[in-house]
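The primary structure of each chain is shown beneath.
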Amino acid sequence: MAKKEEAPNMVERFAEFKELKNIDKATMISVLEESFRNVLAKMFGTDQNFDVIMNPDKGDVQIFQNLTVVPDGQVEDPNQQISLTDARADNDPDVEIGEDHTKEIIFANFGRRAILNLRQTLQSKILDLQKEAIYAKFKELEGELVSGEVYQTWSKETLLLDDDKNELLLPKSESIPGDFFRKGETIRAVIANVDNKNNNPKITVSRTNEAFLRRLFELEVPEIHDGLINIRAVARIPGERAKIAVESYDDRIDPVGACVGVKGSRIHGIVRELHNENIDVINYTANPSLFIQRALSPAKVSSIRIDEENKKAEVFLRPEEVSLAIGKGGLNIKLASMLTGYVIDVYRDAEDQFEEDDIYLDEFKDEIEEWVISALKDAGFVTAKEVLSASREQLIEKADLEEETVDSVLSILKAEFED
């Protein structure tokens with residue numbers, strides 16, 4: 001005779017999930033009980049009259065079915081009722097009609113199919129539980145630094161695995177220009193977004209997010225990590241340049257010096273991580289005028305006019321400082337605006353009195369679109385005569401404008417002086 005399969009030791013069988021999937025014992029027991037109840041409901045039509053008792057110390061389970069005792073020959077639903085004779089024969093000799101009789105159910109007696117059904121149900125619930133745990137864990141870590149090993153790279157994204165083999169996706173759009181990853185290489189990023197659509201956690205990481213720069217500074221500068229120095233604002237154009245405003249809560253600490261380190265020792269590591277992205281560290285101040293002046297460094301501002309209500313600033317500089325304020329490709333003034341939250345317009349210092357018959361480009365807003373004027377100013381051309389004195393090729397290249405646009409601008413400006 002074939003040996004009857006023993007009741008499955010389910011707690012021990014799935015103990016590995018507790019260790020590998022970070023599922024606590026109480027949750028594990030609850031999932032086991034729910035899985036048993038689901039299978040019982042399929043087998044008996046309901047699980048309402050069953051008691052499922054988990055014995056975690058022994059690693060087994062006891063199942064009891066509660067039946068109502070009825071007279072012999074009147075059993076209408078064997079899943080809810082039991083005859084008086086059968087009840088008394090089942091170790092309950094004193095039971096009477098109308099009373100409840102508790103009958104122990106040996107799960108293994110239902111065969112391999114029932115046991116397989118139970119295992120599949122349990123594994124499905126464990127998987128769902130694990131996905132929920134992953135989502136909850138990483139949702140709390142949004143904005144935090146994480147390391148991952150490059151597992152596979154595609155054209156639009158790179159798949160990373162952290163120490164627990166969780167999958168992290170780094171989209172091409174969140175990579176720094178110049179990033180090139182090899183399989184097996186360990187890279188750092190911040191957790192940018194975590195969603196759980198259809199209970200399928202997706203963890204997206206970023207190396208372009210400003211939080212990445214913040215976390216790198218926290219890692220390299222102990223004073224920031226300890227809360228002695230605070231990062232008040234960050235502006236980045238990934239792979240090109242960044243500005244970071246810091247302040248110290250201790251008068252004895254120079255926040256800029258602490259961030260840069262002796263001979264640049266601290267900031268050099270961050271710059272290397274960001275593929276030689278230039279980083280300007282400035283002292284934060286609540287004074288908007290002074291903050292904007294510092295943000296435009298290395299240019300020296302002669303005077304500034306602030307419109308706090310509309311968040312606009314008109315900055316006046318000596319002619320030789322204008323190009324420094326604007327920066328290569330307009331990066332410096334763009335980052336200064338991002339850092340301070342002000343729209344910054346740069347003008348030559350009135351005291352330097354450019355040619356009396358010259359005209360600021362802003363005076364042509366009725367004839368030339370503002371974005372074109374901004375492009376010319378970002379390229380270092382602030383007045384009409386500065387534009388006219390430049391070659392057509394210079395304007396096309398430096399301001400990154402179409403030939404037709406440049407020709408139109410030149411035509412408008414020439415007409416002004418001819419008149």
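**A few points about the overall build of the chain**
Within the chain one finds 16 helices and 15 strands. What you see for the chain is a C-alpha radius of gyration of 36 Å, clearly larger than the 22 Å of a compact globule of 419 residues, by over 25%. Along the longest, intermediate and shortest principal axes, the C-alpha atoms of the chain span 120 × 50 × 45 Å. Buried positions account for 43% of the 419 residues belonging to the chain.

**Points about the sheet that holds strand E15 (residues 343-348)**
Read from one edge of the open sheet, three strands run E13-E14-E15, paired in mixed fashion. Two strands close off the open sheet at either side, each with one partner strand: strand E13 (301-307) and E15. The average undirected angle you get between the axes of adjacent strands in this sheet is 20 degrees. Bridge count for strand E14 (residues 312-317) against E15 is six bridges, and the pairing is parallel.

**Description of the pattern of salt bridges**
Across all of its chains, the model carries 23 salt bridges by this definition. A salt bridge links Lys125 to Glu34; the nearest nitrogen and oxygen atoms lie 3.0 Å apart. Highlighted residues: Lys125 in helix H5 (residues 112-139) and Glu34 in helix H3 (residues 25-44), separated in sequence by 91 residues. Put simply, Arg207 and Asp179 hold a salt bridge, and the shortest N to O gap is 2.9 Å. Here Asp179 lies in the loop between strand E7 (167-171) and strand E8 (186-195) and Arg207 lies in the loop between strand E9 (202-206) and helix H6 (210-220), a separation of 28 residues in the sequence. Assigned by exposure class, Arg207 and Asp179 land together as buried.

**A look at the packing of helix H11 (residues 319-326) against helix H12 (residues 331-340)**
Remark: H11 packs on H12, axes separated minimally by 5 Å, with the N-to-C direction vectors making an angle of 65 degrees. In terms of axis orientation, H11 runs roughly perpendicular to H12. Contacts between H11 and H12 involve Leu324, Ala325 and Ile326 from the former and Leu331, Asn332 and Ile333 from the latter. Grouping the constituent residues of the contact of H11 with H12 by class yields five nonpolar, one polar and no charged.

**Some details on the confidence of the model for the chain**
For the chain, per-residue confidence averages 87 on the pLDDT scale, and 91% of positions sit at 70 or higher. When pLDDT is averaged over each element of the chain, E9 comes out on top at 97 and helix H2 (residues 15-20) at the bottom at 50. Ignoring residues within four places in sequence, the model shows residues 1-8, a span with pLDDT below 50, making nine contacts including any to other chains.

**Overview of the packing of helix H10 (residues 288-295) against H12**
Taken N-terminus to C-terminus, the directions of H10 and H12 make an angle of 145 degrees; their axes are 9 Å apart at the nearest point. The chirality of how H10 crosses H12 is right-handed. Judged by residue contacts, Phe291, Ile292 and Ala295 of H10 engage Asn332, Ala336, Leu339 and Thr340 from H12.

**Things to note about the side chain of Glu386**
By the element assignment, Glu386 lies in helix H14 (residues 384-389). The exposure class assigned to Glu386 is buried, which follows from its relative accessible area of 14%. Here Thr383 takes part through its backbone nitrogen, which lies 3.2 Å from a polar atom of the side chain of Glu386. The residues touching Glu386, leaving out its near neighbours within four places in the chain, are Arg348, Gly380 and Phe381.

Each value, and the rule that gives it
Residues numbered from 1 in each chain as written. Predicted model: local features only at pLDDT ≥ 70, side-chain atom pairs only at ≥ 80, totals over all residues. Heavy atoms only, no water. Helix = DSSP H or I, 4+ residues; strand = E, 2+ residues; numbered from the N terminus. Rg over C-alpha atoms; globule rule 2.2 N^0.38 Å. Buried < 20%, exposed > 50% of the residue type's maximum accessible area, 1.4 Å probe, protein only. Pairing = 2+ DSSP bridges. Axes fitted to C-alpha atoms, helices over the stretch in contact; angles between N-to-C directions. Salt bridge = Lys/Arg side-chain N within 4 Å of Asp/Glu carboxyl O. Parallel < 35°, antiparallel > 145°, perpendicular 65-115°, else oblique. Contact = heavy atoms within 4.5 Å. Nonpolar A, V, L, I, M, F, W, Y, C, P; charged D, E, K, R; others polar. pLDDT = per-residue confidence, 0-100. Left-handed = near helix turned anticlockwise from the far one by under 90°. Polar contact = N/O pair within 3.5 Å; in protein donor to acceptor, adjacent residues only side chain to side chain.

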